[in-house]
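Listed here are the chains, written in short residue letters.
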Amino acid sequence: MPLAVRLRGQTSSELYPRLLQLLDRRFSDDGRFYIVISANNLVKKIVGLNVFQTSVFMLYISMGKVTGGTAPIVVEGVTQYSNPLPHVLILTAIVVGVATTAVGLSLIVRIKRAYGTVEENEFDNKKDDAI
Amino acid sequence: MAEFIDLVLLAMLALTALWIIFLKDLFAVVMLFGIYSFLSALIFVNLDAVDVAFTEASVGAGISTVLMLGTLALTGRQEKERLSTRSKLLPLFVVTLTGAALIYGTLDMPPFGHPDNPVHQHVAPRYIEESPKEVGLPNMVTSVLASYRGFDTLGETVVVFSAFIGVFSLLGVRRKKKKDLESGLESHRVLQVIAKVIIPLVILFALYVQFHGDFGPGGGFQAGVIAAAAFILYALVFGLPKAFAVVGPKFLQWMAAFGVLLYASVGLYSMYKGGNFLDYNQLAADPIAGQHYGIIIIELGVGFTVFAVMLNIFYAFGSQAERSNVQ
Amino acid sequence: MLEQHLAALPIILPLIAAPIALILGRSVLSWGFATLVSGLAFIFSWQLLAAALSDGVLSYAVGGWAPPWGIELRVDVANAFVLLAVTAISTLVLVYSKDSIEKEVKVANHSLFYTAHLLCLAGLSGILITGDAFNLFVFLEVSSLATYALVSLASDRRCLTAAFRYLVMGTIGATFILIGVGLLYMKTGTLNMLDLAVRMDAYESSRTINTGLAFIMVGVSLKLALFPLHMWLPPAYTHAPSAVTAFLASTATKVAVYVMIRFIFTVFGIDHVFVDMGMGLILMVLAVVAIFQCSYSATVQSNVKSILAYSSVAQIGYMILGLSLVSVAGLMAGMIHIFNHALMKGALFMAVGAVFYRVGSVDIKAFAGLGKRMPLTMAAFTIAGLSIIGVPLTAGFVSKWYLVTAALEQDNWLVAALVLLGSLFAVVYIGRVIEAAYFQKLPDSQGSKNIKEVSWLMLAPMWALVIANVYFGIDTSLTTEAANSAAEWLFQADAMSVSNTQEGQMSDVVVQEVSS
């Protein structure tokens, strides 16, 4: 039980951020990935991919946070800022994600038109004439 | 307190994700995805990533959800019960393995939010301390995005452009013939009146986000998406043919290409001036002014491309839907 | 002026040309333009290789920001060598694609095809040249999105499901790489690959970094279709338009193999990957299984494009096998095979595309008697096929020769024997096609009477590759010199990054100076 081991011996003031970090990083990527590779419906697969990616974004953003810092926009009198670099990377990754989603969804629309279904096992079973 | 809010949000996030796994109604799945996206955006705000939150809300919760709904309209909203005998064990095994690897990886992770973490000690300090002087913008995210890592952002704009190529080659945008039924929510007077009031405001907001990105959260991506949203609303309420009359797909195709070229031309011009690709210092006699010009122009390029691509992708999906309705 | 920007040109040239190709719109115009641009990129990458061979490393700071704050492009012999192969194949495929695409893709989509091809080329060049781990992810997605579009352009409906599967697997792979890069960033605070290598040495062994390594390796393995993560590749290559398959089969996976080499040698370091993590044995076993399993699958397919697609996965096994030997000779054999395999598979898929152009089918039955009807195409197929088998005087022989020598150098007789045994499968699957073409009778239908040779526009690039196959089989000086210095450079780079820990401390000093 690494979670328990990790939490033992820490003062309660430290506990919240610690728990947060654990929740953030463990639960985020895991269950979401399951939807992608087990779903039979193609739309659900795409939703799963998006959810999976969003949780990776959270991994990045959680690194950038500095306790007591503020958003990285210069304000008079503030010296502690959170790290802007992960934010920049994730801005890029979000846009990449929506681009992939758009292409994936339009493939689904075409698959529906060509095969009449968007369930993976159904079009897998349809035989095509050999070209 | 902030941690407590995060904890609650994370719990809700986990619940939403679990719910998505078990639901069979795809409409609800997509809606839950929108919720998931908004929840993530809230967490991003709480973790000081305001720009990211803005983008996640407009792109993840906004455009992605709209496109998913558009797809559902064409493919049906119910997931079928699984009939195949394909085992669920393999995916479960792969996911468990991935999860185990991640947990293993967290064991040595630097503590959350500690200012002495490597990420806060190396590379980033220069962005935080020097960028207001070197680039001259208060928003460090914009400085890093547009200047220090401007090449990434060019790549990202090109990714958006590639998505357009993909969607366009797959679906194409069909212009309706005049004799086809007029579409849109013609009979909904209330919607039309409200839309007419809202759309100019949304466009104004988009312009604000576009040009204020240097000082506050925002920039070309968010502005492009918001402006596209205004036109999407117009197309939804008044029908695609009328939207085509305002900005046609062919024009948008040009605009998408133009945005990328505008961005790249800044790089070429700085090469012509003797600097490296995308070296904005060369654009004007004063490096700070040069940075300023460079960032404004490339953000415009990004805005053009994102706006044109997002709207055109919506047109592509929308015209498919109308076609199948007419049939 | 161009001299100064040489490192950036192979990326930005096709990147800028892509939207222009879309604006040009007309099929012939955008074809000519794309071919011209790709040709220019080839010339520049030739100069880059020459520059890298004479000067060592070329570093280019994009935006004028010094690394690690800005994005660095970093050209050495290894990536210049792969880049040369990529741009060469791209140019030849573009010449070839004019006729082939007219047959296989709707007219309205022609300019989109050329735009997507240029985007893919830009993405692949970017992956090769960039020295920044996150920038690599961005270019990976540029090339991937363009690839999905290219695959789905075919008229057969099965290309859609193939492209979708490719999209899902590709996105998972890219996301894994993103997680890996994130974990490395978390521990080191940097994204520049050189800086990463230096700063990672500060940690004896960190679980976070090991996990990052694992995620990156799995993600890249998905992209390069390493067994058992190869299931997306055969359908995608089988159902994509012929010109697309010829391009992707000879470039996309090779670039991914290079990414793996790059991460192992210049970022993580040989000691860490092979000694501490024991990746060498894993890679070797997977490579050997890939060679046999996929070569066997290739022998039982009836679609010739499928045969060649499975063969591709098997050939990737040879490259990874060379890498897993962890010696200069092994890595050099892998690098040579990256180059040579591009030549072989390019020629083979072009020949199959030519058959589809005339016959309208790529089933093995359709090849019956084609030796008489399309003599030049089938001769090209035969010579390139012999190269895949590894017959002396072809490029394939050179690859296998160096691979076997590298294995024997370590007294690894088993691997050497397995490499030779794997070639026997190639004899079977290539032999089946050749047998059909030369020893079976042409079917007596009206249509088959009208089959004739394809135009010179398709034959010329095909034969250029065939001649290259023979040329590099006889005169090996260019490939061996480049691959050898690439391999030596990679091992040196690894040694350098270990000894340069002091430099890492120096960069800390710089940070402090900046911050003070």
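Residues numbered from 1 in each chain as written. Chains lettered and ligands numbered in written order. Predicted model: local features only at pLDDT ≥ 70, side-chain atom pairs only at ≥ 80, totals over all residues.

A.B. asks: Quick question: what am I supposed to make of the overall build of chain B here?
C.D. replies: The secondary structure content of chain B amounts to 13 helices and zero strands. Start at the N end of chain B and walk to the C end: the helices and strands fall as α-α-α-α-α-α-α-α-α-α-α-α-α. Seen through its C-alpha atoms, chain B measures out along the principal axes to roughly 60 × 50 × 35 Å. The proportion of buried residues among the 327 residues of chain B is 52%. Taking the contacts inside chain B whose residues are at least 6 apart along the sequence as the reference set, 71% of them involve residues at least 24 apart. (Helix = DSSP H or I, 4+ residues; strand = E, 2+ residues; numbered from the N terminus. Buried ≥ 20, exposed ≤ 12 C-beta atoms within 10 Å, placed from the backbone. Contact = placed C-beta atoms within 7 Å.)

A.B. asks: Mind showing me how you'd approach the interface of chain C and chain B here?
C.D. replies: Many analyses report the size of an interface as the accessible area lost when the parts associate. At the interface, 51 residues of chain C touch 50 residues of chain B. Of all the secondary structure elements, the ones that give two or more residues to the side of chain C that touches chain B are helix 1 (9-24), strand 1 (58-61), helix 4 (110-129), helix 5 (133-151), helix 6 (158-188), helix 8 (207-224) and helix 22 (501-515) of chain C. Of the residues that constitute the side of chain C that touches chain B, the class distribution is 32 nonpolar, 16 polar and three charged. (Nonpolar A, V, L, I, M, F, W, Y, C, P; charged D, E, K, R; others polar.)

A.B. asks: What exactly am I supposed to notice about the packing of helix 3 (residues 42-64) of chain A against helix 3 (residues 50-75) of chain B here?
C.D. replies: In the contact formed by helix 3 of chain A and helix 3 of chain B, the axes pass within 11 Å of each other and the chain directions differ by 175 degrees. In terms of their interaxial angle, helix 3 of chain A and helix 3 of chain B are classed as roughly antiparallel. Between helix 3 of chain A, through A:Val43, A:Val47, A:Asn50, A:Thr54 and A:Ile61, and helix 3 of chain B, the contact on the second element is made entirely by B:Val52, B:Gly60, B:Ser64, B:Met68, B:Thr71, B:Leu72 and B:Thr75. (Axes fitted to C-alpha atoms, helices over the stretch in contact; angles between N-to-C directions. Parallel < 35°, antiparallel > 145°, perpendicular 65-115°, else oblique.)

A.B. asks: Can you help me understand the domain arrangement of chain B in this one?
C.D. replies: Residue and element names in this part refer to chain B. Splitting chain B by domain gives domain 1 (1-109) and domain 2 (142-327). When each unit is reduced to the centre of its C-alpha atoms, the spacing between domain 1 and domain 2 is 26 Å. Listed by partner, the interface residues are 14 residues for domain 1 and 16 residues for domain 2. Here the side of domain 1 that touches domain 2 is built from residues that sort into eight nonpolar, five polar and one charged. (Domains from an automatic or database assignment.)

A.B. asks: Would you mind showing me how to read the confidence of the model for chain B here?
C.D. replies: In low-pLDDT regions, the fine details of the predicted coordinates are not to be read closely. Mean pLDDT over chain B: 84, with 91% of residues reaching 70 or higher. Within chain B, the lowest mean pLDDT, 78, falls on helix 4 (residues 89-106) of chain B, and the highest, 92, falls on helix 8 (residues 150-170) of chain B. (pLDDT = per-residue confidence, 0-100.)

A.B. asks: Teacher, can you tell me more about the nonpolar core here?
C.D. replies: Taken as a class, soluble globular proteins show a tendency for nonpolar side chains to be buried jointly. Counting 367 residues, the largest nonpolar core has C:Phe81, C:Ala163, C:Met335, C:Ala347, C:Ala351 and C:Met462 as the members making the most contacts within it. Ranked by the residues each element gives to this core, the list is headed by helix 6 of chain C, at 20 residues. (Core = buried A, V, L, I, M, F, W, Y, C linked by C-beta atoms within 7 Å.)

A.B. asks: Just checking my understanding: could you explain the interface of chain A and chain B for this structure?
C.D. replies: Counting from both sides, the interface comprises 73 residues of chain A and, opposite them, 87 residues of chain B. If you list the elements that add at least two residues to the side of chain A that touches chain B, you get helix 2 (12-38), helix 3 and helix 4 (84-115) of chain A. Per-element tally for the side of chain A that touches chain B: the top contributor is helix 4 of chain A, with 22 residues.

A.B. asks: Please explain unusual backbone geometry as it appears in this structure.
C.D. replies: When glycine is set aside, most residues are seen to have a negative phi, and most peptide bonds are trans. For the bond from C:Pro67 to C:Pro68, the omega torsion is 5 degrees, close enough to zero to count as cis. Relative to the elements of secondary structure, C:Pro68 occurs in the loop between strand 1 and strand 2 (72-75). Unusually for a residue other than glycine, B:Leu278 sits at a positive phi of about 65 degrees. For B:Leu278, the position within the fold is in the loop between helix 12 (249-272) and helix 13 (287-326). Positioned with a positive phi, C:Val326 is a non-glycine residue whose angle comes to about 50 degrees. If you trace the backbone, C:Val326 turns up in the loop between helix 13 (304-324) and helix 14 (328-359). Note on C:Val326: 20 C-beta atoms within 10 Å, which makes it buried.

A.B. asks: What's the story with the packing of helix 3 (residues 77-104) of chain C against helix 14 of chain C in this structure? I'm lost.
C.D. replies: Two quantities define a packed helix pair, namely the angle between the axes and the distance from one axis to the other. Residues and elements named next belong to chain C. Across the interface, helix 3 lies against helix 14 with an axial gap of 10 Å and an inter-helix angle of 0 degrees. With respect to helix 14, the axis of helix 3 lies roughly parallel. Between helix 3, through Ala78, Phe81, Val82, Ala85, Ile89, Leu92, Val93, Tyr96, Asp99, Ser100 and Lys103, and helix 14, the contact on the second element is made entirely by Met335, Ile338, Phe339, Ala342, Gly346, Met350, Gly353 and Tyr357. Looking at side-chain class alone, the contact of helix 3 with helix 14 contains 14 nonpolar, three polar and two charged residues.

A.B. asks: Help me understand helix 2 (residues 26-46) of chain B, please; the structure alone is not making it clear to me.
C.D. replies: Note on helix geometry: an α-helix contains 3.6 residues per turn, so any two residues three or four positions apart are oriented the same way. Residue and element names in this part refer to chain B. Under the 1.5 Å per step criterion, the end-to-end length of helix 2 is 30 Å for 21 residues, consistent within 8% with the ideal 30 Å. What helix 2 keeps buried is the set Leu26, Val29, Val30, Phe33, Tyr36, Ser37, Leu39, Ser40, Ala41, Ile43 and Phe44. Aspartate 48, located one to two residues past helix 2, shows a positive phi value of around 75 degrees. (Expected span 1.5 Å × (residues − 1).)

A.B. asks: Looking at this structure, how should I read the pairing of strand 2 of chain C?
C.D. replies: Within a regular strand, side chains alternate between the sheet's two faces. Residues and elements named next belong to chain C. The side-chain alternation of strand 2 yields two buried faces, one formed by Glu72 and Arg74 and the other by Leu73 and Val75. Here strand 1 pairs with strand 2 via four bridges, running antiparallel. Paired with alanine 61 across the strands is glutamate 72, a residue of strand 2. (Pairing = 2+ DSSP bridges.)

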